[in-house]
Structures are given as C-alpha cells and as structure tokens.
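Topology and contacts: notes
One-letter residues, chain by chain:
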Amino acid sequence: MNVLKPHVSLNVSNIDASVAFYEKAFGVRATKRRPGYAKFDLASPSLNLTMQEAPRTGVNASHFGVQVASTEDVIEAKSRFEAAELRTFTEEDTACCYAVQDKVWIEDPDGNSWEVFVVKGEAAVMGSQPAVPSKSDAACCAPGCCVPSKQGDAAAR
C-alpha cells in the first residue's frame, strides 16, 4: 500500500479562530477553505489535517485516517482488514470534505473511526448527513456521512 501521509480530522467550535491558530502554528496558510471547513495539506510534518465546525461536545477528534495514492491501495487495505476479520464500510466516488474520494472505514474498540482514502478530485459540496446510519452522529466526514458524487452511482452504496 502506497501511504502518502497520516490524516487527522478535528471538530472545532470556531473555524476562523482555528484556522488563524494553525496558520500561525504551521507557518503556512490553509490549503483549502470553505464555509465551516478548512484543510492543511502539510509536507513537513507530513500531515493531512482537516477541521470542520461542529458544536462542542467534549470530543474534538472527528476521525483519523491514512491517505493513500490510489483506489487500488484502498482496495488492498479493505482486503487486509477483512482478512484480519475487521468490519469494514466502503464508500466509492463519494463527495466528502469538498473532494471526490474512495475510502474504506474501520472502527477501533473504543469507537474511534479510521479511514484509508484516496482523493480523486475536487467536489462542490462538503457532504451530507448519513445515508447509512452510523453509531455516532459525528460531523462529516465520518463513516456513511458523505454522498456519492456526480461521478458515482448511488445504487452502488
């Protein structure tokens, strides 16, 4: 599997204050800004950090992930997870976090969601509420929260 970098998604109560903080902390501007959403795609440290504005719940981490180079890498991760008898949830051609992605999700014993994903292109939308109910009411992007892109097939979900 060709891993590009780790991914951390934070729920933040004030997107503007958080972006200002992380721009100062990393010394670079956000890579992507949309209403209620920001992304820092850092080379050093190698990190894909996203944040979305969400009500404060005491849980600030939305989910964790590993960005990979291709859909084949996502498929390889899914096969490995299933061989290890981990329950998976997949999304293909999903519009999430203003990007079209393929992904596979797993959940650790404490309920932390992990995704292995590839970014295939830009999307005009953040995502939507779960089409498939998930264990939590986490903000996008969490397992099942995103919508198929115009390139995707809703029936395939």
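Residues numbered from 1 in each chain as written. Predicted model: local features only at pLDDT ≥ 70, side-chain atom pairs only at ≥ 80, totals over all residues. Heavy atoms only, no water.

1. Comments concerning the confidence of the model for the chain
Note the threshold: Summary of the metric used: pLDDT quantifies the predictor's per-residue confidence within the range 0 to 100. Only runs of H or I of at least four residues qualify as helices and only runs of E of at least two qualify as strands under DSSP, and these elements are numbered from the N terminus. Pairs of residues are marked as contacts when any of their non-hydrogen atoms sit within 4.5 Å.
With 80% of its residues at a pLDDT of at least 70, the chain reaches an overall mean of 80. Averaged pLDDT values over the elements of the chain bottom out at 40 in strand S9 (residues 147-148) and peak at 96 in strand S2 (residues 32-34). Counting interchain partners and residues more than four positions distant, the pLDDT-below-50 stretch residues 128-139 has 18 contacts. Note on residues 147-157: pLDDT under 50 across the span, and 25 contacts to partners over four residues away in sequence or across chains.

2. Quick notes on the pattern of salt bridges
Charged atoms that come close allow side chains of opposite charge to pair. Selection criterion: The rule for a salt bridge is simple: a side-chain nitrogen of Lys or Arg has to be within 4 Å of a carboxyl oxygen of Asp or Glu. Three exposure classes are used, based on accessible area relative to the maximum for each residue type with a 1.4 Å probe and protein chains only: buried under 20%, partly exposed in between, and exposed over 50%.
If you walk through the whole model with that rule in mind, you get eight salt bridges. Residues Lys 5 and Asp 41 are paired through a salt bridge, measuring 2.6 Å at the closest nitrogen-oxygen approach. Here Asp 41 lies in strand S3 (residues 37-42) and Lys 5 lies in strand S1 (residues 3-12), a separation of 36 residues in the sequence. Ionic pairing is found between Lys 78 and Glu 82, a salt bridge with its closest N-O pair at 2.6 Å. Highlighted residues: Lys 78 and Glu 82, both in helix H2 (residues 71-83), separated by four residues, approximately one helical turn. The exposure class assigned to Lys 78 is partly exposed, which follows from its relative accessible area of 26%.

3. Quick look at the packing of aromatic side chains
Applicable threshold: Only centres within 6.5 Å qualify two rings of Phe, Tyr or Trp (six-membered ring in Trp) as a pair; their planes then separate them into stacked at under 30 degrees, edge-to-face at over 60, and tilted for everything else. By the criterion adopted, a ring carries a charge over it if an Arg CZ or a Lys NZ lies within 6 Å of its centre and within 35 degrees of its normal.
The tally for this structure, following the rule as stated, stands at six aromatic pairs. A centroid spacing of 4.9 Å and a plane angle of 90° characterise the contact between Phe 21 and Tyr 22, whose relative ring orientation is edge-to-face. Site record: aromatic cluster; members linked through ring pairs are Phe 21, Tyr 22, Phe 26 and Phe 40. Here the basic side chain of Arg 34 rests over the ring of Tyr 98, its NZ or CZ set 5.4 Å away from the ring centre.

4. Digging into empty space enclosed by the protein
Condition: Throughout, the protein atoms alone are placed on a 1 Å grid, and a set of points is a cavity if a 1.4 Å probe fits but cannot get out or a pocket if it is open with protein on both sides within 12 Å along at least five of seven lines; lining residues have an atom within 4 Å of a point. Grid points are joined across faces, edges and corners, and a volume is the space filled by probe spheres set on the points. Gly is placed with the polar residues, together with every amino acid not listed as nonpolar (Ala, Val, Leu, Ile, Met, Phe, Trp, Tyr, Cys and Pro) or charged (Asp, Glu, Lys and Arg).
Here the structure, examined in full by the defined rule, presents two cavities of 30 Å³ or more. Of the volumes computed, that of the largest cavity is approximately 100 Å³. Broken down by secondary-structure element, the contributors of at least two residues to the lining of the largest cavity are S3, strand S4 (47-53), strand S7 (99-107) and strand S8 (113-122). Counted by class, the lining of the largest cavity contains seven nonpolar, five polar and four charged residues. Lining the second largest cavity are Asn 11, Val 12, Ser 13, Ala 54, Pro 55, Arg 56, Val 59 and Asn 60. Counted by class, the lining of the second largest cavity contains four nonpolar, three polar and one charged residues.

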